[in-house]
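# Architecture and fold: a report
The residues making up each chain are set out below.
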Amino acid sequence: MAFQKRASGGRPSKGNRHVLTTRIPVAEAEKLFAVADYLGTSASSFIAEVVKEKLSSIDIETLTGQEALPIEKAS
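Let us look at the structure shown here. (Residues numbered from 1 in each chain as written. Predicted model: local features only at pLDDT ≥ 70, side-chain atom pairs only at ≥ 80, totals over all residues. Heavy atoms only, no water.)

Moving on, we get to the overall build of the protein. Check the secondary structure of the protein and you find 4 helices and 0 strands. Taken from N to C terminus, the helices and strands of the protein fall in the order α-α-α-α. Looking at the 75 residues of the protein, the share that counts as buried comes to 7%. Of the roughly 7,800 Å² of accessible surface on the protein, 57% is carried by carbon and sulfur atoms. (Helix = DSSP H or I, 4+ residues; strand = E, 2+ residues; numbered from the N terminus. Buried < 20%, exposed > 50% of the residue type's maximum accessible area, 1.4 Å probe, protein only. Areas by Shrake-Rupley, 256 points an atom, 1.4 Å probe, with all protein chains shown as cover.)

Counted as a void, the largest pocket has a volume near 550 Å³. Lining the largest pocket are 16 residues, and of these His18, Leu20, Ser44, Ile47 and Ala48 sit closest to its centre. If you tally residues by element for the lining of the largest pocket, the top one is helix 2 (residues 43–56), at 5 residues. (1 Å grid on protein atoms, 1.4 Å probe; cavity = no way out; pocket = protein on both sides within 12 Å on 5 of 7 lines; lining within 4 Å. Points joined across faces, edges and corners; volume = space filled by probe spheres on them.)

Among the surface-exposed residues, Ile47, Val51, Leu55, Ile58, Ile60 and Leu63 lie close enough to one another that they form a single nonpolar patch of about 560 Å² accessible area. Mapped onto the fold, leucine 63 is located in helix 3 (residues 60–64). (Patch = residues over 30% accessible without salt bridge, like charges linked within 9 Å, V, L, I, M, F, W, Y side chains within 5 Å. Salt bridge = Lys/Arg side-chain N within 4 Å of Asp/Glu carboxyl O.)

On to helix 1 (residues 26–39), then. With 14 residues, helix 1 should reach 20 Å at 1.5 Å per residue; the first-to-last C-alpha distance of 20 Å fits that figure. If you check which residues of helix 1 are buried, you get Ala29, Leu32 and Ala36. Across the axial projection of helix 1, the buried residues extend over an arc of 55 degrees, all falling on one side. Summarising the geometry of helix 1, the exposed residues directed more than 90 degrees from the buried face are Ala27, Glu30, Lys31, Asp37 and Tyr38. The secondary structure elements touched by the buried residues of helix 1 are helix 2. (Expected span 1.5 Å × (residues − 1). Arc of directions from axis to C-beta. Contact = heavy atoms within 4.5 Å.)

Rendered as structure tokens:
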């Protein structure tokens, strides 16, 4: 009896993810789905990329109001 080889295809893992839920107005949601469809991606992937781009432009240290203490001032 021959064993059947399992398919090894499929989408590769995108790594650890956190699920977020949000509510947006219907008009924006429809536009979101249309844009994601045009780009050939899912709405979830599109949202993740947009959030990633936005967050990359924000310096987290400016939000906390604290800067890293330079080593020469630490002693």
